Amino acid sequence: MGSHDTDRTMSTPGRRTAGWRSHRLLVVSSPDAAARGRAVLLDDVSVEIGRPGHVAGPLALADAELSRRHARLEPEVATQTWWVRDLGSRNGTHVNGLAQAHAGLVDQDVLRVGGTLLVFERVELEADAALSPAQEPPLLGPSLGMQRLRGEVARIAGRDMPVLILGESGSGKELVARALHERSGRSGPFVAVNCGALPPDLVESELFGHVAGAFTGAAKPSEGLFARAHGGTIFLDEIGEMPLAVQPKLLRALATGEVRAVGANQARTVDARVVAATNRDLRADVEAERFRGDLYARLAGWTLEPPPLRRRREDVLALAALFLGRLGAPTMLEPDAAEALLLHRWPFNVRELEQVAGAIAVRAEGAPRVLLDHLPPELRAPVEVRRPVAAVSEPPLSLTVRPDGTPSAEELARVVRHYQGNVAQVAAFFGRDRRQIYRWLERYDLDVDALRE
């Protein structure tokens, strides 16, 4: 069975898989508009990349920068490894920004052939994985990782069990929590709490409320955030920062649905679905006795992990276009700019990409498309190093000649040459009358016509 085109999803929407492993090559950017977004399953035979009429199959691309037969992907069945081999192409084959004649591929490698960018992906679907290919805000992105996340959200949104969301900073944990609430059918509000931002001595009062006079400064009663979320969802972000002293009361709220305000004699019942999130390793915190094991067990009724952006490079360009479009900036990226975005590691994930898009929008204002030079310098570097070294240009004239002083003969000659003998422009540079320029020329015995030539 050879390589062939496939849909982005490995299952019918709403259906679950039976477990599956393979590799795919994703066309994430290409001059060949019909090929963009194409996902090619790689089986056990070689497949060539090149131009139509010279190679056959789904990687025959209408890209003028491609050689007729540009590169070949070859399987090594014994090790389940795929290799890419350049076939003597004119522009070379690049893997993760580096020119390669023959290289083994690993998950999320970025390939550049001509003006086309591809992502190599190792597909591993666990048995009974739920996939949802339809992109619904706020969980956007065509990647398999996001399909899996949307499928998991759809599977458990309507259930009352607590959910623990684990993931890196900026990976969209709050967006996942909001999606769970929006699809839950609950009529109450979504209340978000940053546990790390609450003063340690006021955490209990903020969460469960207090009666008037319960402590110094408690002039009025407060219902607390749990009560405010009645009928809805309370999102406990940075749950790993929750003080140990408050954790038993949170455990009781989860176990019984009852909260007791600080200073109150009676508990009250609150119907709030609890969704918690953290970027910490809570299991390690439990072992180190920084977090209660029984609370962890209660919170982790179901665990979701939004994938970091570097593990779903297929989404990078789509999200960049989305953010740029919102800012009124061009959404088309030239190949160098697209490659630079794909190669970045995105340590702060989608949040970082959104900020970078804002900087690009400023630099690309009025441009028809995004160029490499519109990206921040640290993102440009991996692609910029491949550019030919340009001739060193002259520094600005005002850095070598003082416009507010009396020039030397050499300085005056330099300015006259720069303005190709236009005495009016020379006079404007020095802020002087044209007659003064002629007097200097006469003093230094300089010939304007000769300097012009």
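All of these numbers come straight from a predicted model, not from anything done at the bench.

**Describing the overall build of the protein**
Scanning the protein for helices and strands turns up 16 helices and 18 strands. In terms of overall size, the protein is more extended than a compact globule, its C-alpha atoms giving a radius of gyration of 31 Å where 453 residues would be expected to give roughly 22 Å. Summarising its shape, the C-alpha atoms of the protein cover approximately 100 × 70 × 40 Å along the three principal directions. Counting over 453 residues, the protein shows a buried share of 49%. With an accessible surface of roughly 22,200 Å², the protein has 49% of that area assigned to carbon and sulfur atoms. Distance between charge centroids for the protein: 2 Å, based on 56 positive and 59 negative side chains.

**Considering the packing of helix H14 (residues 423-430) against helix H15 (residues 434-443)**
Running from amino to carboxyl end, H14 crosses H15 at an angle of 100 degrees, the nearest separation of the two axes being 9 Å. Between H14 and H15, the angle falls in the class roughly perpendicular. In contact with Val-423, Ala-424, Val-426, Ala-427 and Phe-430 of H14, H15 contributes Arg-434, Ile-437, Tyr-438 and Trp-440. Taken together, the residues that form the contact of H14 with H15 break down as eight nonpolar, no polar and one charged.

**A few points about the nonpolar core**
Residues Leu-341, Trp-346, Ile-360, Val-370 and Leu-375 are the most contacted members of the largest nonpolar core, which totals 34 residues. For this core, the secondary-structure elements that each account for two or more residues are strand S2 (16-29), strand S11 (116-130), helix H8 (316-326), helix H9 (335-343), helix H10 (349-363) and helix H11 (377-384). Apart from residues no more than four positions distant in its own chain, Leu-341 is found in contact with Val-316, Leu-317, Ala-320, Leu-333, Trp-346, Val-356, Ile-360, Leu-375 and Leu-379. Ranked by size, the runner-up nonpolar core spans 31 residues in total, among them Val-193, Leu-198, Met-242 and Val-259.

**Section: the sheet that holds strand S13 (residues 190-194)**
With parallel pairing, five strands are arranged side by side in an open sheet as S13-S14-S17-S12-S18. Across the chains shown, the open sheet's two edge strands, defined by having one partner strand only, are S13 and strand S18 (303-304). Bridging between strand S12 (residues 163-166) and strand S17 (residues 273-278) involves four bridges; their strand directions are parallel. Residue pairing across strands places Ile-165 opposite Ala-277, the latter belonging to S17.

**Things to note about the packing of aromatic side chains**
Each aromatic ring pair is described using two quantities: the centre-to-centre distance and the angle formed by the ring planes. Across all of its chains, the model carries five aromatic pairs by this definition. The interplanar angle of 25 degrees and the centroid separation of 6.1 Å between the aromatic rings of Phe-190 and Phe-235 together place this pair among those described as stacked. With Phe-190 in strand S13 and Phe-235 in strand S14 (residues 233-237), this pair connects stretches of sequence that are 45 residues apart. Taking 5.0 Å as the distance between ring centres and 85 degrees as the angle between the ring planes, the aromatic pair formed by Phe-429 and Phe-430 counts as edge-to-face. The same class applies to Phe-429 and to Phe-430, which are both buried.

**Comments concerning the confidence of the model for the protein**
Per-residue pLDDT for the protein averages 90, and the proportion of residues at 70 or more is 93%. Counting interchain partners and residues more than four positions distant, the pLDDT-below-50 stretch residues 7-15 has 25 contacts.

**Concerning the pairing of strand S9 (residues 102-105)**
Residue alternation in S9 divides its side chains into a buried set, Ala-103 and Leu-105, and an unburied set, His-102 and Gly-104. Both strand S6 (residues 81-86) and S9 contribute to a ladder of four bridges, which runs antiparallel. By the bridge assignment, Trp-82 is partnered in S9 with Leu-105.

**Regarding the sheet that holds strand S4 (residues 47-50)**
What the four strands build is an open sheet, ordered S4-S5-S6-S9; its pairing is antiparallel. At either end of the open sheet lies a strand with only one pairing partner, and these are S4 and S9. Going across the sheet, the axis of each strand differs from the next one's by a mean of 25 degrees, ignoring polarity. Pairing of S4 with strand S5 (residues 69-76), which is carried by four bridges, proceeds in the antiparallel orientation. Counted as the bridge partner of Gly-50 is Arg-69 from S5.

**Side note on the side chain of His-23**
Note on placement: His-23 falls in strand S2. Setting aside its immediate chain neighbours within four residues, His-23 contacts Val-40, Leu-41, Leu-42, Gln-80, Trp-82, Phe-120, Glu-121, Arg-122 and Val-123.

**Details of unusual backbone geometry**
Note the cis peptide between Pro-137 and Pro-138, where omega equals 5 degrees. Tracing the sequence through the fold places Pro-138 in the loop between S11 and helix H1 (144-156). One non-glycine residue, Gln-420, lies in the positive phi region at around 55 degrees. Along the chain, Gln-420 turns up in the loop between helix H13 (409-418) and H14. In this structure Gln-420 comes out as exposed when scored by relative accessible area, which is 59%. One non-glycine residue, Asp-445, adopts positive backbone phi at about 55 degrees. Take Asp-445: it is sitting in the loop between H15 and helix H16 (448-452). Judged by relative accessible area, Asp-445 falls into the exposed class, the value being 68%.

How each quantity is defined
- Residues numbered from 1 in each chain as written.
- Predicted model: local features only at pLDDT ≥ 70, side-chain atom pairs only at ≥ 80, totals over all residues.
- Heavy atoms only, no water.
- Helix = DSSP H or I, 4+ residues; strand = E, 2+ residues; numbered from the N terminus.
- Rg over C-alpha atoms; globule rule 2.2 N^0.38 Å.
- Buried < 20%, exposed > 50% of the residue type's maximum accessible area, 1.4 Å probe, protein only.
- Areas by Shrake-Rupley, 256 points an atom, 1.4 Å probe, with all protein chains shown as cover.
- Lys, Arg positive; Asp, Glu negative; His and termini not counted.
- Charge placed at Lys NZ, Arg CZ, Asp CG, Glu CD.
- Axes fitted to C-alpha atoms, helices over the stretch in contact; angles between N-to-C directions.
- Parallel < 35°, antiparallel > 145°, perpendicular 65-115°, else oblique.
- Contact = heavy atoms within 4.5 Å.
- Nonpolar A, V, L, I, M, F, W, Y, C, P; charged D, E, K, R; others polar.
- Core = buried A, V, L, I, M, F, W, Y, C linked by side-chain atoms within 4.5 Å.
- Pairing = 2+ DSSP bridges.
- Phe/Tyr/Trp six-rings, centres within 6.5 Å; stacked < 30°, edge-to-face > 60°.
- pLDDT = per-residue confidence, 0-100.

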